[in-house]
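Architecture at a glance
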Amino acid sequence: MCVGCLSRMRPRYKRLVDNIFPSVPQDGLVKNNMEKLTFYALSSPEKLDRIGEYLFQKASRDISRKRNEFVMIAMEAMDQLLVACHAQTLNLFVESYLRIVQKLLESSEPSLQILATQSFVRFSNIEEDTPSYHRRYDFFVSKFSSMCHNNNPNLVTMEMIRMAGIKGIQGVIRKTVSDDLVENIWEPVHMDKIVPSLLFNMHTMKSKTDIVVESGISEEVNDKTDSFSLAESCLRELIGRASFGHVKSVIRPVLKHLDAHHMWVPNVFATQCFRILMFSIQSQYSYAVVETLMTHLDENSNASPKIRTSIADVLSKIIAIAANESVGPTVLEIINSLLTNLRTSVTRRPPSNIGLSESDGENEYREALIHALGEFAAHLPDYQKIEIMMFIMSKVPQFKSSNNPNDLHVQRMCLKSLLMVSTKYSSVQMNATFPQSFLDLLLKTLTASEDEIRFIVLRILHTLLDRHNNASKLSKATVNITKSEINLEKCSRSDTIFIRKHAQDIYVSIYESLEMTNNSVDNVEAVYTTLALICIELLSEETVLDFIRLILSIQELAITNAVLSTQQKFHLHGLVISIMLLVAIVTDLHPLKDYVEKVIEQRKLLNATHLLPELSVHNEVKSASLLPAGVLIEEPELTEALKASGIDITTETGPVLAHRRSWVENTNMSMKGSFTDLSNLDLDSVNSTPAMQRRFSPNEDLSFEAMKRSLLDNPVVRVEQNTRQTQLCDMFRNTSFQDLVAISTASKDEESLHSKITDVFNKVDISNKLSAVETTNQSVPIYETLFPELFAF
C-alpha cells in the first residue's frame, strides 16, 4: 500500500496537525493550515483533547531529537488553539498543553525554558469558561522559583532566565488566585518558595543598581525589563490579591527571609519591602501587616538590641500607613503591644558583663518604640488620640516614691510615650482634652518624687494646653514680655467652666510639685510655662482671683518653707513675679500691672535682682530670710490694685488651697501676703461640719415681714447682714483666745440649767398642792417635794 493511501487513512485531526508543520522549520508555522486546524477544533470541540495529545507527542519527539524549531512551532500552535477555543472540553486540552510546558521547562536549554515561560504567561491571561478540578501547579511553582535563582555564568542569559522565572511565578499567581478549585497557592509550601525568590531578585538587583524606593514606589528603569522591577511588581500583585486570611501567609516568608540572610541591620531593604507591602495591600487589611511585624518583634525579644531596634524602626516607618484603617480595638491592641515591648525592655535585667554599646542599643530600641507609637497616633483622629492617651496613662505605674529603678524607668518610658502622642494632638476644648479620669491620673503623677517624671508630666501639659503656639515663647520666666508677643484669644464659656471645676485640683498639684526639694531650674521653668499657658488659655475676670491666690501661696512657700534651698526660694520668687506680671498683661488689669512693675523696680533698686528671672544659679549667695521691705507682693497694695482694676474680691467664697496651707502651722510666721486676706470669709466652723446645723443668731429677725424682705432680696437687709458677718469675722480674727472664752461664758450662771428650771417652777401655780404636802422641812426644794420620782437615785 502506498504512503499516500496510508496518510489518507489516518484520522483527520492528525492530518491537520501534521499539515501545520513546514518541510523546512525556518519557514515557521503554516498559517493556512493552522486556520483549518482551528476551524476544525471549533467545529468539533470533542477532538480538542486528541489534538492536544498528538501535539504533545510530536513536541516530545522533537525535544528528544533536539529539533527546537519544530518545538517552537508546536508551542505556537498550542497557544493559538488556547486563545481561540473556549469549549467545555478545553480542560483536557490544557492538560496536554501543561505537559508540553513542563517538558520544555525540564530541558537544559535556556531558550526552551524561556519559550515555555512565555507560553505559560499567555495561558495565565486566558479566562477559562469551565473550572478545573484536578489541575496542579506545584511543579511550576518549584521550577519558576528555581529559575529565579539561576547562576548561569553568562550574565545576559542569567538575567533572562531569572526574569522568565519571575514572569512564570506571576502567571501561576494569576491562574491560581482566581480559581478556588486548583492548587492553594497560599499554602506555606508554596509561599516559602515564591516570596524568597522575589525578595532575592529585588535585593540582588538593588545592590547592583542602588535603586531607592521612596513612598513605596520604585524608580523604574526606562525599559522596565530588569528583574528588580519585575520582582517588585509580582510581589505587589501577590499581596494585593491576598485576602485577610492570606496576608500572614505572605508576611511570614518575608520575615523568615530577612532573618535568615541577616537583613535587619542595616534595615534599608527591610524598610523597602514592608513599604511595598503596605502600599500594595488592600487598605482594610494593612493593620494585619503591623500586627504580624509586632508579633515578630515579640518573638525576637532575646535578640540583640540592634536587631530589635531595626525591627522597631521599620515598624515606625510603616505604622502610619495602617493608622488610617485601624479602628476600635485594633488601635488599642497595637498600642498595648508597643507598651508591652517597651515595658519588657525596661524591666530586662542586663547581664553583669554588659557593655556600654549594648546599653546604648537598648535605649535606642526604646526610643524607636516610642517613635513608632507617635507615628501611629499622628494619623488617627483626635478622639482616638484621647483614648490612646487615657490608655497609656492607665498603664503608668502610680506611686509617689520607689527604690526600684525599674519601676521608675517604666514610669518614665510610659510618660515619654504619652508625651509623644500628646504632641500629635490638637486641643480644641479643654473639657474634651482632659477627661476627668485622665486629668486625675496626670495630676497625681505631677506630684511624684522623681524630678524627671514631674518634668515630663509638665511637658505633656504644655502640649495639651498650648492651642496658639505660645509654649516656645514662654519657655523661660521673664519680666520683659509684652502682649504683642503672645497669641491671645478670648476664653470660651466651656473653658471657663472647665477651669472653675478643676482649678482646685490643678493648683494643688502644681503647688505640691513646687514643694519638692529636688526641683531643678528646668522643673521651675516648666512650672512657669504651665502656669503661663493656663493664664493665656483659660483665665478670665471670673477666674483670675483663684489664680492670683495660687501665685501668692507660692510666694508664701518661698518665705516660710524650711526645707527648700536658698536658690530654690529665689527661683520661686522669680516665678511669682513673672506670672503675676503676665496675669496683668493678659487680663488687661493696668493697676495690677503698674503695681507689679513697681515691685520689679524696687527689687532692682534695693539690689534684690536675685528675686527676678532669669532663673539661674546666682554667684552671690544671699540669705532668703533677709528680704528688704517692698520687694515682695504685699496684700494691702495688691488688694487696692485689684479693686482699682474692677475685680470684686468680696464675692469669692474662699481660698482654693485652703486645705493645703501647710505654712499656717508655723504660728510664729506672719501671714503677710497670704491670699486668704483677699476676701472676707465666714469663719463659723459649723459651715464645714455636715452633721451640725447652723444656729440662728439671737439678733436675727424671724418674723413674717423679715422672711418677706429676705425673699424680696432687700439690699438694705443684705448690707446689714454683711456688716454683722464682717464684725463677727473680725472679732474671731483679732480677739485673743482668752477674750473669746470670757465673751462666750459671760452669762454662764444666768443661763445655767439649774437656774432655768427654778425659774420655770416658780412661775407655776401650786397653791392647791402645797396644802397636801408636809412643809416641815423648808430646806427641801419645792420641785423635789412635788416630783420626787424625778430626783430618786
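Structure first, text after, so check above.
For the structure given in this document, a descriptive report is provided here. (Residues numbered from 1 in each chain as written. Predicted model: local features only at pLDDT ≥ 70, side-chain atom pairs only at ≥ 80, totals over all residues. Heavy atoms only, no water.)

A separate point is the side chain of His502. For His502, the position within the fold is in helix α23 (residues 493–514). Setting aside its immediate chain neighbours within four residues, His502 contacts Gln436 and Leu439. (Helix = DSSP H or I, 4+ residues; strand = E, 2+ residues; numbered from the N terminus. Contact = heavy atoms within 4.5 Å.)

For helix α26 (residues 566–586), which comprises 21 residues, the first-to-last C-alpha distance of 31 Å matches the rise-based estimate of 30 Å (1.5 Å per residue) to within 8%. The buried count for α26 comes to 20 of 21 residues, which makes it a mostly enclosed element. Count one or two residues on from α26 and you reach Asp588, which has phi positive near 60°. (Expected span 1.5 Å × (residues − 1). Buried < 20%, exposed > 50% of the residue type's maximum accessible area, 1.4 Å probe, protein only.)

To continue, consider the packing of aromatic side chains. A complete count under the given rule lists 16 aromatic pairs for this structure. A ring pair is formed by Phe120 and Phe144, whose centres lie 5.5 Å apart and whose planes are at 50°; its orientation type is tilted. Of this pair, Phe120 sits in helix α7 (residues 110–124) while Phe144 sits in helix α8 (residues 138–148); the two residues are 24 residues apart in sequence, bridging distant segments of the chain. Centre to centre, the rings of Phe139 and Phe140 are 5.5 Å apart; their planes meet at 75°, and the pair counts as edge-to-face. Here the aromatic residues Tyr97, Phe120, Phe123, Tyr137, Phe139, Phe140 and Phe144 are joined through ring pairs into a cluster of three or more. Just above the ring of Phe21 sits the side chain of Lys58; from NZ or CZ to the centre is 4.8 Å. (Phe/Tyr/Trp six-rings, centres within 6.5 Å; stacked < 30°, edge-to-face > 60°. Lys NZ or Arg CZ within 6 Å of the ring centre and 35° of its normal.)

What follows concerns the pattern of salt bridges. Considering all chains together, one arrives at 20 salt bridges under this definition. Linking Asp62 and Arg67 is a salt bridge whose minimum nitrogen-to-oxygen distance equals 3.7 Å. (Salt bridge = Lys/Arg side-chain N within 4 Å of Asp/Glu carboxyl O.)

Further remarks concern the environment of Thr117. Tracing the backbone shows Thr117 in helix α7. A relative accessible area of 1% means that Thr117 is categorised as buried. Taking the C-alpha atoms as reference, Thr117 lies 5.6 Å from Gly168; in sequence the two are 51 residues apart. Among the polar contacts listed, one links the side chain of Thr117 to the backbone oxygen of Gln113, at a separation of 2.8 Å. (Polar contact = N/O pair within 3.5 Å; in protein donor to acceptor, adjacent residues only side chain to side chain.)

By the element assignment, Arg10 lies in the loop between α1 (3–9) and α2 (12–19). Residue Arg10 is classed as partly exposed on the basis of its relative accessible area of 32%. With residues up to four places along the chain from it excluded, the contact list for Arg10 reads Arg15, Asp18 and Tyr54.

Before going further, it helps to examine unusual backbone geometry. Residue Pro266 is reached from Val265 by a cis peptide bond, and omega for that bond is -5°. Within the secondary structure layout, Pro266 lies in the loop between α12 (247–260) and α13 (268–280).

Attention now moves to the state of the cysteines. Evaluated as defined, the whole model comprises zero disulfides. Not engaged in a disulfide, the cysteine Cys148 finds its nearest cysteine sulfur in Cys234; these two sulfurs lie 7.9 Å apart. (Disulfide = S-S within 2.5 Å.)

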